[in-house]
Amino acid sequence: MNPLWQRGARALYATVLRAGSPLYLLRLWRRGAREPGYRQALAERFGVYHGAVPAPGLLWLHAVSLGETRAAVPLIEALRAQQPGLRLLLTHGTATGRHAGLGLLQPGDQQAWLPYDTPGAARRFLQRFQPSVGVLMETELWPSLMREAERAGVPVVLANARLSERSARKGRRLAALMHPTARRLTLALAQTTPDAERLLAAGTPQVLISGNLKFDMTPSAVQLAQGARWRAGVPRAVVMAACTREGEEAPLLARWQALPAPRPLLLLVPRHPQRFDEVAAMVSAQGLTLVRRSQWGESPPAGAAQADVWLGDSMGEMALYYASADVALLGGSFEPLGGQNLIEAAACGCPLVMGPHTFNFAQAAEQALAAGAALRVADLSEGVTAALRLAADPQRPAWVQRARDFASAHRGAAQQMAQRILALARR
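For clarity, every value in this text was computed on a predicted model and none was experimentally measured. (Residues numbered from 1 in each chain as written. Predicted model: local features only at pLDDT ≥ 70, side-chain atom pairs only at ≥ 80, totals over all residues. Heavy atoms only, no water.)

Draft legend 1. Representation of the environment of D393. Mapped onto the elements, D393 comes out in the loop between α16 (380-391) and α17 (396-408). For D393, a relative accessible area of 28% translates into the label partly exposed. Sequence-wise, D393 and D195 are 198 residues apart; in three dimensions their C-alpha atoms are separated by 36 Å. (Helix = DSSP H or I, 4+ residues; strand = E, 2+ residues; numbered from the N terminus. Buried < 20%, exposed > 50% of the residue type's maximum accessible area, 1.4 Å probe, protein only.)

This is how it looks when you write it as structure tokens:
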């Protein structure tokens, strides 16, 4: 590709981002009205950091949101086990990711926002922290950041890397910008063979297939036990709608309202916390009785077992919710959004009903189907029917066991990835 086109694309990208900086700041401030974490340390979003400068040599890991932060847990544990005394720099892009990341820090570690992807902000970030290696999770490739890392001599690894065919097509349309970005990666540790092939075609110089870190995530035993107690207190089927996205709740609630009484209990867990109140209003608008998780403590309040809907409006309790359910509908798969993480449900022993759109987790979805841990349906209405049937199936314990077996059969990615990353850091 013509280098002039590449330089022009990079210059245009940087100019657009600089011009959009005031709008970006306004968006953060407005979002902070609902999630105060977005108003924390705003200067860091532009590469301006305060306090003592840390000693060089931190291992930098970027986990943009809550999902990537949770997926990084087994990798961080493996890195610390293989290199005791490791100093970690953990960066994020969302308030939920940053909050979850706090619990992963040890003495000597640092936490910060990854700045807006302008050349100056990326340069200031790297000059301040001087990491030995950078680890980006899954899909997080940023043109200015990658160029400045190359100039600073910081090797960058894309860990748990995935690239759907849909994203690859978008990348090809922006090849003048994205091909040089992918080429600057030192290494990509891909989840699957198709991911690896697409990453290589996108320009990544070295790709290894290492598996999916989400298989190494261990559900909280405390939450699983607590969820089992909640389930024992409900005298009817419990169907969970897991990590639902905009456009999925309204038809689901309309379908639920049409069910004859006494309805099964719907445990509804939206993907994004800023939508909790919006979804609660949808439930009430359908005339369904609602109990919100945020309004009780260790156990559901008196009368909760008779409600139509429990709203899972809390963070970090997915294992608790899966353990409370007989079956789960996979959010993000009933609209063309690519689906959400299905591996956690399987690890918790919760069978899944998936819609047609699982391109973000294509191989894991097919493996779950082949293992008998999940079902695929054509649409949401069919999904509700299938979920109700599976919840009442006398063979459901076999589904539970197959789900757990599927999750445990693919462990080991964290150890492999940690070895590769630490080898680059030492070099």
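That shown, we press on.
Draft legend 2. Focus on the pattern of salt bridges. All told, the structure shown has 20 salt bridges when counted by the stated rule. Across the pair R275 and E278 runs a salt bridge whose closest N-O atoms are separated by 3.4 Å. On the accessibility criterion, E278 (34% relative accessible area) is partly exposed. Each of E165, R172, D195 and R198 takes part in one network of salt bridges that share partners. (Salt bridge = Lys/Arg side-chain N within 4 Å of Asp/Glu carboxyl O.)

Draft legend 3. Representation of the sheet that holds strand β2 (residues 88-92). A sheet is described by the order of its strands in space; here seven strands give the open sequence β3-β2-β1-β4-β5-β6-β7, paired in parallel fashion. In this open sheet, the two strands that pair with only one neighbour each are β3 (110-113) and β7 (207-209). Shown here is a sheet whose adjacent strand axes are inclined to one another by a mean of 20 degrees, direction ignored. Pairing between strand β5 (residues 156-161) and strand β6 (residues 187-190): three bridges, direction parallel. Note on β6: the bridge partner recorded for L158 is A188. Sheet contacts for helix α3 (residues 66-82): β1 (59-62), β2, β4 (133-137) and β5; angle to β4, the most-contacted strand, approximately 145 degrees. Contacting β1, β2 and β3, helix α5 (residues 119-129) runs over the sheet at an angle of about 160 degrees to β2. (Pairing = 2+ DSSP bridges. Axes fitted to C-alpha atoms, helices over the stretch in contact; angles between N-to-C directions. Contact = heavy atoms within 4.5 Å.)

Draft legend 4. Structural context of the sheet that holds strand β12 (residues 327-330). Read across the sheet, seven strands follow the order β10-β11-β9-β8-β12-β13-β14 without closing on themselves; strand pairing throughout is parallel. In the strand order of this sheet, the two ends are held by β10 (290-292) and β14 (374-376), each with one partner. With strand direction ignored, the average angle separating the axes of adjacent strands in the sheet is 20 degrees. The pairing of strand β9 (residues 265-270) with strand β11 (residues 309-311) spans three bridges and is classified as parallel. Bridge assignment links L266 to a residue of β11, and that residue is V309. Helix-sheet contacts for α16 involve β8 (238-244), β12, β13 (352-354) and β14, and the interaxial angle to β12 is about 160 degrees.

Draft legend 5. Spotlight on the packing of helix α11 (residues 249-257) against helix α12 (residues 276-285). One can describe the packing of α11 onto α12 by two numbers: an axis separation of 10 Å at closest approach and a directional angle of 30 degrees. Between α11 and α12, the angle is such that the two are roughly parallel. You can see that α11 and α12 cross each other, and the crossing is right-handed. For the pair α11 and α12, contact is made by E249, A250 and L253 and by V279, M282 and V283, respectively. Across the contact of α11 with α12, the residue classes break down as five nonpolar, no polar and one charged. (Parallel < 35°, antiparallel > 145°, perpendicular 65-115°, else oblique. Left-handed = near helix turned anticlockwise from the far one by under 90°. Nonpolar A, V, L, I, M, F, W, Y, C, P; charged D, E, K, R; others polar.)

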